[in-house]
Amino acid sequence: SQQGEEDPQALSIQEGENATMNCSYKTSINNLQWYRQNSGRGLVHLILIRSNEREKHSGRLRVTLDTSKKSSSLLITASRAADTASYFCATDLYTGTASKLTFGTGTRLQVTL
Amino acid sequence: GAGVSQSPSNKVTEKGKDVELRCDPISGHTALYWYRQSLGQGLEFLIYFQGNSAPDKSGLPSDRFSAERTGGSVSTLTIQRTQQEDSAVYLCASSSRVGFATNEKLFFGSGTQLSVL
């Protein structure tokens, strides 16, 4: 089963608008990461936020983490057409024998001109 | 190499045949991961290696799937007697992980698109 679930599943906005994606997870985590995927192939790491952090910024990206609610959000400000992609959150899940990075179901973002 | 390299980029096979997918991680990365992504879906964890050892093999879908890593570098994912439901993109990633938790970012390859006819 998926550890993380993104919301919404799909988001369509116009260039210049802000895009907000949310991620909820089920168990305690060490950190949470966000990745971007273009055209259904390799993923690119965007940002990592540790469990003792509440907010982190990187360029036009802002990530928040609320461990009490087991949720995170990714905000992309002043979106561009080039931001069109799928965005995934990933959390570190302890399985009893090892720790593995599990991904959510993703949010498909469409930015139109 | 400069990045994670996967081969082949595309593989079309007939049902019942065996396939081998290869992953060449970033030089020096100790951890290597295999994921599977079906069309329009999220990533399904298959297996990860720390060095040549695989602490957790529970993600492998069936005993038709196996993976190995030699020399702490190249890994191969083998699917025996392929079925149509095995059709997916198989993604490999590596990281400089040395501890128990995944505290480092993953670097992904471009994946192998497997199509089983």
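Note that the structure is predicted; figures quoted are calculated from it, not measured. (Residues numbered from 1 in each chain as written. Chains lettered and ligands numbered in written order. Predicted model: local features only at pLDDT ≥ 70, side-chain atom pairs only at ≥ 80, totals over all residues. Heavy atoms only, no water.)

Comments concerning the confidence of the model for chain A
Part 1 of the argument: Summarising the model, chain A shows a mean pLDDT of 90, and 92% of its residues fall at 70 or more.
Part 2 of the argument: Looking over chain A, one finds the lowest element-wise mean pLDDT in strand β1 (residues 4-7) of chain A, namely 81, and the highest in strand β7 (residues 61-66) of chain A, namely 98. (pLDDT = per-residue confidence, 0-100. Helix = DSSP H or I, 4+ residues; strand = E, 2+ residues; numbered from the N terminus.)

Focus on the packing of aromatic side chains
Two aromatic rings are characterised by how far apart their centres lie and by the angle between their planes.
Part 1 of the argument: Evaluated as defined, the whole model comprises 8 aromatic pairs over all chains.
Part 2 of the argument: Here B:Tyr33 and B:Tyr35 contribute two aromatic rings whose centre-to-centre distance is 6.4 Å and whose plane-to-plane angle is 20 degrees, an arrangement assigned as stacked. Like B:Tyr33, the residue B:Tyr35 is buried in the burial classification.
Part 3 of the argument: Among the aromatic side chains, those forming a connected cluster through ring pairs are A:Tyr35, A:Phe103, B:Tyr33, B:Tyr35, B:Phe45, B:Tyr48 and B:Phe108. (Phe/Tyr/Trp six-rings, centres within 6.5 Å; stacked < 30°, edge-to-face > 60°. Buried < 20%, exposed > 50% of the residue type's maximum accessible area, 1.4 Å probe, protein only.)

Quick look at the sheet that holds strand β6 (residues 55-58) of chain A
Residues and elements named next belong to chain A.
Part 1 of the argument: In spatial order, the strands read β1-β3-β8-β7-β6; together these 5 strands make up an open sheet with antiparallel pairing. At either margin of the open sheet sits one strand with a lone partner, and together these are β1 and β6. For this sheet, the mean inter-axis angle between neighbouring strands, taken without regard to orientation, is 15 degrees.
Part 2 of the argument: As paired strands, β1 and strand β3 (residues 19-25) are joined by 4 bridges and run antiparallel to one another. What sits directly across from glycine 4, in β3, is tyrosine 25. (Pairing = 2+ DSSP bridges. Axes fitted to C-alpha atoms, helices over the stretch in contact; angles between N-to-C directions.)

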